[in-house]
Amino acid sequence: MCFVITKSLLLSCCVPIILMGLRYYFSRKVILGYLEHVLHTDMSDIEQYYMKPAGSCFWVAVLNGKVVGIVAAKGNEEENNVELCRMSVDSSYRGKGIAKALGHKVMEFAILNSYSSIVLGTTAVKMAAHKLYESLGFAHMGVIENYSLPGMDNTILERMFFQLRYHRYSLQLHEE
């Protein structure tokens, strides 16, 4: 198509490469901005955000002396729910049931603390993450298109080259 418009083979070859380069640049910029944000908020002081507040907790999965996964639970007394957040498993340990065990840990915690439900939000692109949540009993509650990550500048170029969907899930534990 580009060749038909420009009549230039060089330009036709360069445009896709330039577009891929721009996508890489802005994706990296957004992800690094997000990491910078979380490393200066809750992940900078796990004890303050997840261990001290009542109804919240943080777990670390260790296998053979190596940290292989994490998950947090953040209680919301007003809504009587707990948010499952920061679930992550080292890529070389995925598919071994670690994420499922971490998910069950949050479920046990929520039941012990008498929460009526567990909620979570994810921008996960991999279907395995969504299947995990569904296998744990979570129901998909909806999607927010063109979601902005914390730390994004929201420039036109960022929005053009980096787009996310934010999926919400909920697991009802018992009726209030």
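Up top is the structure these notes are about.
Every value quoted in this text rests on a predicted model; they were computed, and no experiment measured them.

A. Main features of the overall build of the chain. Of regular secondary structure, the chain possesses 6 helices and 6 strands. The helix and strand sequence of the chain, counted from the amino end, reads α-α-α-β-β-β-α-β-α-β-α-β. Computed over the C-alpha atoms, the radius of gyration of the chain is 20 Å, more than 25% above the 16 Å expected from 2.2 N^0.38 for a compact globule of 176 residues. With respect to the principal axes defined by its C-alpha atoms, the chain has extents near 70 × 40 × 30 Å.

B. Looking closely at a nonpolar patch on the surface. There is a patch of nonpolar side chains on the surface, built from Ile31, Leu32, Leu35 and Leu39 and spanning about 350 Å² of accessible area. Position of Leu35 relative to the elements: it lies in helix H2 (residues 9-39).

C. Here's a closer look at the state of the cysteines. The final tally for this structure, using the stated rule, is 0 disulfides. Free of any disulfide, Cys85 has its nearest neighbouring cysteine sulfur in Cys57, separated by 11 Å.

D. Representation of the nonpolar core. If you look at the biggest cluster of nonpolar residues, it comprises 28 residues, and the most contacted ones within it are Trp59, Leu84, Met87, Leu102, Ile118, Tyr133 and Phe138. Every element with two or more residues in this core is listed here: strand E1 (57-63), strand E2 (66-76), strand E3 (81-89), helix H4 (98-112), strand E4 (117-122), helix H5 (127-135) and strand E6 (166-172). With 7 residues, H4 is the single largest residue contributor to this core. Apart from the residues within four sequence positions on either side, Leu102 is in contact with Trp59, Ala61, Gly69, Ile70, Val71, Met87, Ser88 and Val89.

E. Focus on the layout of surface pockets. Here the largest pocket is characterised by a volume of approximately 1500 Å³. Along its surface, the largest pocket is lined by 41 residues, and Met87, Thr122, Thr123, Ala124 and Tyr133 are the ones closest to its centre. Only H2, E3, H4, E4 and H5 provide two or more residues apiece to the lining of the largest pocket. Among the elements that line the lining of the largest pocket, the one with the most residues is E3, at 7 residues. In terms of residue class, the lining of the largest pocket is built from 26 nonpolar, 8 polar and 7 charged.

F. Representation of the sheet that holds E3. Overall, mixed pairing links the 6 strands, which are arranged E1-E2-E3-E4-E6-E5 in an open sheet. The open sheet terminates on both sides in strands that have one partner only, identified here as E1 and strand E5 (139-144). Across the sheet, the mean angle from the axis of one strand to that of its neighbour is 20 degrees, orientation sign disregarded. Of the strand pairs in this sheet, E4 and E6 are connected by 6 bridges, and their pairing is antiparallel. If you follow Ile118 over to E6, its bridge partner there is Leu171. Of the strands in this sheet, E1, E2, E3, E4 and E6 are in contact with H4, which crosses E3 at around 160 degrees.

G. Unusual backbone geometry, seen in detail. You will see that Ser114, though not glycine, has its phi angle at about 60 degrees, which is positive. Residues other than glycine seldom take positive phi values, yet Asn154 does so here, at roughly 60 degrees. Here Asn154 lies in the loop between E5 and helix H6 (156-161).

About the cut-offs
Residues numbered from 1 in each chain as written. Predicted model: local features only at pLDDT ≥ 70, side-chain atom pairs only at ≥ 80, totals over all residues. Heavy atoms only, no water. Helix = DSSP H or I, 4+ residues; strand = E, 2+ residues; numbered from the N terminus. Rg over C-alpha atoms; globule rule 2.2 N^0.38 Å. Patch = residues over 30% accessible without salt bridge, like charges linked within 9 Å, V, L, I, M, F, W, Y side chains within 5 Å. Areas by Shrake-Rupley, 256 points an atom, 1.4 Å probe, with all protein chains shown as cover. Salt bridge = Lys/Arg side-chain N within 4 Å of Asp/Glu carboxyl O. Disulfide = S-S within 2.5 Å. Core = buried A, V, L, I, M, F, W, Y, C linked by side-chain atoms within 4.5 Å. Buried < 20%, exposed > 50% of the residue type's maximum accessible area, 1.4 Å probe, protein only. Contact = heavy atoms within 4.5 Å. 1 Å grid on protein atoms, 1.4 Å probe; cavity = no way out; pocket = protein on both sides within 12 Å on 5 of 7 lines; lining within 4 Å. Points joined across faces, edges and corners; volume = space filled by probe spheres on them. Nonpolar A, V, L, I, M, F, W, Y, C, P; charged D, E, K, R; others polar. Pairing = 2+ DSSP bridges. Axes fitted to C-alpha atoms, helices over the stretch in contact; angles between N-to-C directions.

So far we have only geometry, and geometry alone does not tell us how the molecule works.
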